[in-house]
Amino acid sequence: MSALFSPLSIGDLQLSNRIFVAPMCQYSGRDGMPQSWHVQHYGSLAVGGAAALTLEATAVSSEGRITHGCLGLYTDEQEAAFTKLLAYLRELGPIRIGIQIAHAGRKASCRPPWNGGQGLSADEGRWEIVAPSALAFGEARAVPRALDSEDLERLASAYVASTRRAVCAGFDYLELHLAHGYLLGSFLSPLSNRRQDEYGGPLENRMRFPLEVVSRVREAWPRGRPFGVRINAHDWVAGGMSFDETLDVCDALKAADVEFICVSAGAAVEGVRIPARPGYLASFARAVRERTGLITRVPGFLYEPRLVEDIVAKGDADCVAVGRAMLYDSKWPLHTAQALGIKLPYPPQYRLSHPDTWQGAASFNA
Ligand SMILES: Cc1cc2nc3c(=O)[nH]c(=O)nc-3n(C[C@H](O)[C@H](O)[C@H](O)COP(=O)(O)O)c2cc1C
């Protein structure tokens, strides 16, 4: 018996095991649309044995993209491209497919990480960036324009419009990005939100805009198809968002009918050192799970089969989001099952490489 490979229901969605492929930007789109890279990338991840695959952070507007190569869901062409990608992925197998919708806020208009990740220059086609307050993410980034109330209304509507497009494209679940210092996360942190109006100051105010977006997206997203949120456990820096505050946000998310919470970590402000090690987010996920009773998902250096199994078996989290292990080995779930002595359906096309029939498999570590 394995907890990791036991089924899970979220709303009407049945998952065959507890492994989600984590959302991972590829910075390889064109005009916000997936390209051949995405076809091979998501295609290979789709047949690796995970129950669910979350497509990368996908922007609700063109200025909400991190890079020129980020995906977007704000035009008819983009919606058609995602619909086509989903049809292709569904031909490959039964994996459930979700999308993370996002706005990069003050972390928008950058080079891709492999070109340094700094803010774009005018020559490179930079665009105006927006944020709760006019505070740059770091020295190599532009100062954003502080959003006014008309901008906030326009932005909330953009989230709703992308949500409607995600419904039409046929995604099985949707998650909103409230983590990693992007737009909604930057409202939560007192380090990036210094507003003097009803959207800044005490936590109740800082969470007001993210919660408005959550509520409006909730209304636009069908009941039964899971709706979740990704948050940072906390800011890992003095004067930043505390974990107690995060728990209060989770209560509010629950009241807003969010069905799952992914407890993540990532740069809310520049230069933060997070003591990351395998499973370091599990205790935070456990606290969120105990406090809210919501389905809780945890990422964070998860690759060692026994550790990942234990996180689910001990009840720290209901499910896990696996990132880099999937990039390194797109069949990580199948190999992890093998290491735990669990038999998962193996793509029949690859049957001759299965450890039961091919001795060479033994020389690869799971
Ligand atoms: C290439 C890459 C791209 C990522 N893009 C996103 C993203 O689009 N949205 C997000 O919430 N997290 C993103 N992340 C964070 C991952 O979802 C995950 O939480 C993180 O990598 C920790 O999990 P891991 O140790 O299994 O990689 C990204 C990580 C990587 C490595």
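So, how was this worked out
- Residues numbered from 1 in each chain as written.
- Predicted model: local features only at pLDDT ≥ 70, side-chain atom pairs only at ≥ 80, totals over all residues.
- Heavy atoms only, no water.
- Near = heavy atom within 4 Å.
- Polar contact = N/O pair within 3.5 Å; in protein donor to acceptor, adjacent residues only side chain to side chain.
- Areas by Shrake-Rupley, 256 points an atom, 1.4 Å probe, with all protein chains shown as cover.
- Nonpolar A, V, L, I, M, F, W, Y, C, P; charged D, E, K, R; others polar.
- Phe/Tyr/Trp six-rings, centres within 6.5 Å; stacked < 30°, edge-to-face > 60°.
- Helix = DSSP H or I, 4+ residues; strand = E, 2+ residues; numbered from the N terminus.
- Buried < 20%, exposed > 50% of the residue type's maximum accessible area, 1.4 Å probe, protein only.
- Lys NZ or Arg CZ within 6 Å of the ring centre and 35° of its normal.
- Contact = heavy atoms within 4.5 Å.
- Salt bridge = Lys/Arg side-chain N within 4 Å of Asp/Glu carboxyl O.

Describing the site of the ligand
In step 1: As a structural note, the neighbourhood of the ligand is formed by 15 residues, with Pro23, Gln100, Arg230, Phe301 and Arg324 the closest of them.
In step 2: At 2.6 Å, a backbone N or O of Phe301 approaches an oxygen atom of the ligand.
In step 3: Separating an oxygen atom of the ligand from a backbone N or O atom of Gly323 is a distance of 2.8 Å.
In step 4: Relative to its unbound accessible area of 600 Å², the ligand is 82% covered by the protein chains.
In step 5: Of the residues assigned to the shell around the ligand, the class counts are 8 nonpolar, 5 polar and 2 charged.

Quick look at the packing of aromatic side chains
In step 1: A complete count under the given rule lists 12 aromatic pairs for this structure.
In step 2: Plain terms: the ring middles of Trp236 and Phe284 are 5.6 Å apart, the flat faces sit at 80° to each other, and that makes the pair edge-to-face. Residue Trp236 is found in the loop between strand 10 (227–232) and helix 7 (243–255), and its partner Phe284 is found in helix 8 (residues 282–292); the two are separated by 48 residues along the sequence.
In step 3: With relative accessibility at 18%, the residue Trp236 sits in the buried group.
In step 4: Its relative accessible area of 16% is what places Phe284 among the buried residues.
In step 5: Joined through ring pairs, the aromatic side chains of Trp236, Phe243, Tyr280, Phe284 and Phe301 make up one cluster.
In step 6: Seen from the ring of Phe20, Arg297 lies directly overhead, with NZ or CZ sitting 5.0 Å from the centre.

Focus on the environment of Ala52
In step 1: Looking at where Ala52 falls in the secondary structure, it is placed in strand 4 (residues 52–59).
In step 2: Take Ala52: its relative accessible area is 0%, and that puts it in the buried class.
In step 3: Once residues lying within four places of it in the same chain are set aside, the contact partners of Ala52 are Leu15, Ile19, Phe20, Val21, Ile95, Arg96 and Tyr173.

Overview of the pattern of salt bridges
In step 1: Scanning the entire structure with this criterion turns up 22 salt bridges.
In step 2: Here Arg154 ties to Glu63 by a salt bridge, and the two come within 4.0 Å at their closest N and O atoms. Remark: Glu63 occurs in the loop between strand 4 and strand 5 (71–72) and Arg154 occurs in helix 3 (residues 149–169); sequence separation between them is 91 residues.
In step 3: Across the pair Asp316 and Arg286 runs a salt bridge, and its minimum N-O distance is 2.7 Å. With a gap of 30 residues between them, Asp316 in the loop between helix 9 (305–313) and strand 13 (319–322) and Arg286 in helix 8 connect regions that are remote in the sequence.
In step 4: For Arg286, a relative accessible area of 29% puts it in the partly exposed group.
In step 5: The structure contains a network of salt bridges with shared partners spanning Glu63, Glu128, Arg145, Asp151 and Arg154.

From the geometry alone we can't say anything about function, so treat these as descriptive.
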